[in-house]
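Each chain, written out:
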Amino acid sequence: MLYRTAGQFKTSYEADQALFPVKQDAFLLGFIMVLAWVIFPLTASEFTFQTLLIPILIYSLAALGLNILTGYAGQLSLGTAAFMGVGAYACYKMITIMPWMNPIIAILLSGVFSAGVGVAFGIPSLRIKGFYLAIATLAAQFFLVWLFEKWAWLYNYNASGAIQVPNLDIFGLYVSGPQADSIVQYYLVLFIVCLLTWVCINLTRGNLGRTWKATRDMDIAAELIGINLMKSKLTAFAISSYIVGVAGALFVFMWRGAAEPNLFDIPLSFRILFIAIIGGLGSILGNYLGAILIVGLPVVLNLVPEALGIPLSSSMVEHLNFMIVGGLIVFFLIVEPHGLAQLWRLLREKLILWPFPY
Amino acid sequence: MKHFTRLALAGALAAATAGASMAQELYAPNLAYRTGPFAATGIPLMNGQADYMTLLNERDGGIGGAKIDFEECETGYSTEKGVECYEKTKGKAIVTQPWSTGITLQVLPKTNVDAIPILAPGYGFSPMMDGKTFQWAFNTPAGYWDAADMIIQYLESQGSLNGKKIAFLHLDHPYGKEPIPVLEQLAAEKGFELSPIPVGLKEMQNQSAQWLQIRRMRPDYVVMWGWGAMNAGAITEAVKTKFPMENFLGVWWSGHDADLAIAGADAKGYKSISWSFPKMDAPVMKDIQSMVIDKGMSKTDETEMKGVFYSRGIVISAILAEGIRAAQAEYGTAEINAEQLRWGLEHIDMTEERIAELGLDGMVPPFKTSCANHTGHSGGWMLEWDGEKFVKVSDLLTPNVAGYQALAEEKAKEYADANAPWPVNEGCDAM
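Everything numeric here is computed off the predicted structure, so don't read it as measured data.

Moving on: the overall build of chain B. Within chain B, the regular secondary structure consists of 16 helices and 13 strands. For 431 residues, the compact-globule estimate of 2.2 N^0.38 gives 22 Å, and chain B sits close to it at 21 Å. Projected onto its principal axes, the C-alpha positions of chain B cover 65 × 60 × 50 Å. When the 431 residues of chain B are sorted by exposure, 63% land in the buried category. Looking at chain B alone, contacts between residues at least 24 apart form 71% of all its contacts between residues at least 6 apart. Side-chain charges of chain B comprise 37 positive and 54 negative groups, with the mean position of each set lying 5 Å from the other.

Right, dumping it as structure tokens:
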């Protein structure tokens, strides 16, 4: 009933191939956009901004970047966190060398550096595939984190070896550093995430996206029909690393405020890979759903016992949290091995037919 | 995406209900880490802290009539969780105890905006001792630079350091690098050779490469800035390579009984500087035994209670309680706020008499904080592992703060400049 498609006639090929062939999808997206742009900022507390809204958006973006590479182009990567680090350190260096630079431009530019590094580490993908490639990207992970530790120039010879985000402003409004308001940071993150998501949707539906998918599904066949594998794989590495790099810059500048090299170590890579896998490889929506499950849910679960007035010690809640989230991950993967995005796709199909299935 | 709205709603609801339940209490949350990779050291510290606060609530009805709500928020030593806890508690907290260098780094710049004192006893950024710049941060009773200075002082008391070689085995992390500026300065002054040997976070448990280097170098002393699994790793390696244990010294976080108990009698002679000492016959320990532990209100056990870290937890809570008392006396109200507690923490005066009055005699050295001096520089004792437990082997060592005062001011200024606009408390006189 909610998703009834009766009466929505398509009279041209454009209409049939549109992003939203069903009107309700567009309404739903519009509703979510209103939530994200108007309702949440008006109602959220500082805590909600800092622990739910901003991190979910940033993790979604990082997972989106990984999904381009792993989900669309089929190249398994374990170096996501290191590429995020490249973005973060590049942004830090640009801001400290050129303090007059607009922070938004610096963040968007920092992705270029990680794209370059990503392409360099993507070159082995031309010869090796699958698990072997994963090991090659693992090398990037170890090498880059080591570099962040040892190359003191990267953190301006700071005695603690960590980078600390300065107070940056755009036209007198603080956007990063301790003086910045959460709501400003939220809008900035939301703007960049929306922009890059829009770019990615278009890329994956276009020519480039089709070449990636062909490469993923069977690279020999793709080569035979005239797809340049080198171009296809390296563009996937470049675009993926660009997005991941921007996510890394946002991660440090718009959320964490400070970062030590080991922040970009392998656990973060795994976390983002889990978000992409549980959300659904080869989908855009999945990254958001995955981030909500992996990043948002534990925070909310932590609040539940207190809200219900159950006296549990904080460490107990933490242990329970581990078990519940772990159990949910297993549950979702058993119910739908292709991730939450596929679950939504099936649900939507059922809704279209409901209440009169054949 | 439906989940998203539901989650956010639940979050908002929880935040709203959490804010409503407070009365005649002082909310002093602790960002505890009873889970995660460092839980082994976290648990005794957290138990000590919580038990002392429970004792105050049970025996004295709180502090100045106001009960202490010493709630723990579990971080698992993860920076991300730490920030989550900080955001969750900062609304009504009068103090925050971040408990990890990573969390301290994140929270420190925010305190000027949020106006909440950070209590980081014996850890964190050493230049925090400059209270003029770091108005809201306190690393009482001693910082890492004090520790470095005291260790060198102790070594000097064993014979001149001129021409000696000291290996500095440290965690390759902001925490481990912290004392290097002071050690380098002392090396230049006293004429010893300092060789820093970093241990990566991934190599904590397997330090064979580092100890091979130490064996080749043949240093006269090894000074360790280790944490978590690194301590036990280093001690077992030292035993294995037959390094003379009496020439092996660590900072206070490298003196955890459980780490040494693994090596037992083989680790005899290992030393650790400390500003706290487990004195089982101190009155406060007896009170805790009878009024907290015997009533089943504690999570601690008997072996843990005898350890250095448990007693350190007690000392930390006692320092916080003194700060609260000072603020209550000044402002004439039991329910002080964060700003008033800052004043209180700046006016702690732990004299010998006061320490005895609190029943802590022999457990913490006397110290005094002020508006410009947020550390107190209490000094400490050199503790030695006798095969079963730590014993005091030195008189009270006091750091020569003047030696690195200028360095602290310089670093503090650097920090303030990098984080401009950074308000400085001009009302303070020089230290």
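On to the pattern of salt bridges. Per the stated rule, a full pass over the model turns up 25 salt bridges over all chains. In this structure, the salt-bridge partner of D217 of chain A is R216 of chain A, at a minimum N-O distance of 3.1 Å. Taking the shortest distance from any N to any O, the salt bridge between D417 of chain B and K413 of chain B comes out at 3.1 Å. Of the two residues, D417 of chain B and K413 of chain B both sit in helix 16 (residues 402-418), four residues apart, roughly one turn of that helix. D417 of chain B sits in the partly exposed class, given a relative accessible area of 48%. The exposure class of K413 of chain B is exposed, given its relative accessible area of 52%.

Moving on, we come to the packing of helix 7 (residues 182-205) of chain A against helix 8 (residues 207-217) of chain A. All names here are of chain A. The geometry of helix 7 relative to helix 8 is characterised by a closest axis approach of 4 Å and an angle of 65 degrees between their N-to-C directions. Residue-level contacts link L203, T204 and R205 of helix 7 to L208, G209, R210, W212 and K213 of helix 8. In terms of residue class, the contact of helix 7 with helix 8 is made up of three nonpolar, two polar and three charged.

All names here are of chain B. Ranked by internal contacts, the top residues of the largest apolar core, which has 136 residues, are L155, L169, W225, F248, W252 and W253. For this core, the element with the highest residue contribution is helix 13 (residues 308-331), accounting for 12 residues. Looking at this core, you find at least three residues from each of domain 1 (25-142 + 280-378) and domain 2 (156-274). Here L155 is in contact with L161, I166, Y221, V223 and L249, once residues within four sequence places are set aside.

The subject of this paragraph is the packing of helix 3 (residues 79-89) of chain B against helix 4 (residues 101-114) of chain B. Residue and element names in this part refer to chain B. Contact pair helix 3 / helix 4: the axes reach a minimum separation of 9 Å and the direction vectors enclose 25 degrees. In this view, helix 3 runs roughly parallel relative to helix 4, as classed from their interaxial angle. Viewed along their axes, helix 3 and helix 4 form a crossing whose handedness is right-handed. In this structure, helix 3 contributes T79, G82, V83, Y86 and E87 to the contact, and helix 4 contributes G102, I103, Q106, V107, K110, T111 and D114. Class assignment for the residues of the contact of helix 3 with helix 4 results in four nonpolar, five polar and three charged.

Reading guide: rules and limits
Every chain begins its residue count from 1, and numbering advances along the sequence as written. In the order they appear in the text, chains get letters beginning with A and ligands get numbers beginning with 1. At least 70 in pLDDT is required for a residue's local features to be given in this predicted model, at least 80 for side-chain atom pairs to be given and counted, and no such filter applies to totals for whole chains, interfaces and linings, which use all residues. Hydrogens are left out, water is left out, and the side-chain values use all remaining heavy atoms of the structure. The secondary structure listing takes helices from DSSP runs of H or I that are at least 4 residues long and strands from runs of E that are at least 2 residues long, numbered from the N terminus. What the globule rule says is 2.2 Å times the number of residues to the power 0.38, and the radius of gyration is computed from C-alpha atoms. Each residue is placed in one exposure class: buried if its accessible area under a 1.4 Å probe, protein chains only, is under 20% of its type's maximum, exposed if it is over 50%, and partly exposed if it falls in between. Any two residues having at least one pair of non-hydrogen atoms within 4.5 Å are treated as being in contact. Note on charges: Lys and Arg go in the positive column, Asp and Glu in the negative column, and His and the chain ends are not counted at all. Charge placement uses NZ in Lys and CZ in Arg. For Asp and Glu, CG and CD serve respectively. Here, a salt bridge means any Lys or Arg side-chain nitrogen found within 4 Å of an Asp or Glu carboxyl oxygen. For every element, the axis is a line fit to its C-alpha atoms; helices are fit only across the contacting stretch, and the angle between N-to-C directions ranges from 0 to 180 degrees. Note on residue classes: Ala, Val, Leu, Ile, Met, Phe, Trp, Tyr, Cys and Pro are nonpolar, Asp, Glu, Lys and Arg are charged, and everything else, Gly too, is polar. Here the nonpolar core consists of buried residues drawn from Ala, Val, Leu, Ile, Met, Phe, Trp, Tyr and Cys, with membership extended through side-chain atoms lying within 4.5 Å. Just so you know, the domain bounds were taken from an automatic or database domain assignment. Convention used here: angles under 35 degrees read as roughly parallel, angles over 145 as roughly antiparallel, angles from 65 to 115 as roughly perpendicular, and any remaining angle as oblique. Each crossing gets its handedness from the near helix: less than a right angle anticlockwise from the far helix is left-handed, clockwise is right-handed.

Any link to function would need more than the numbers given here.
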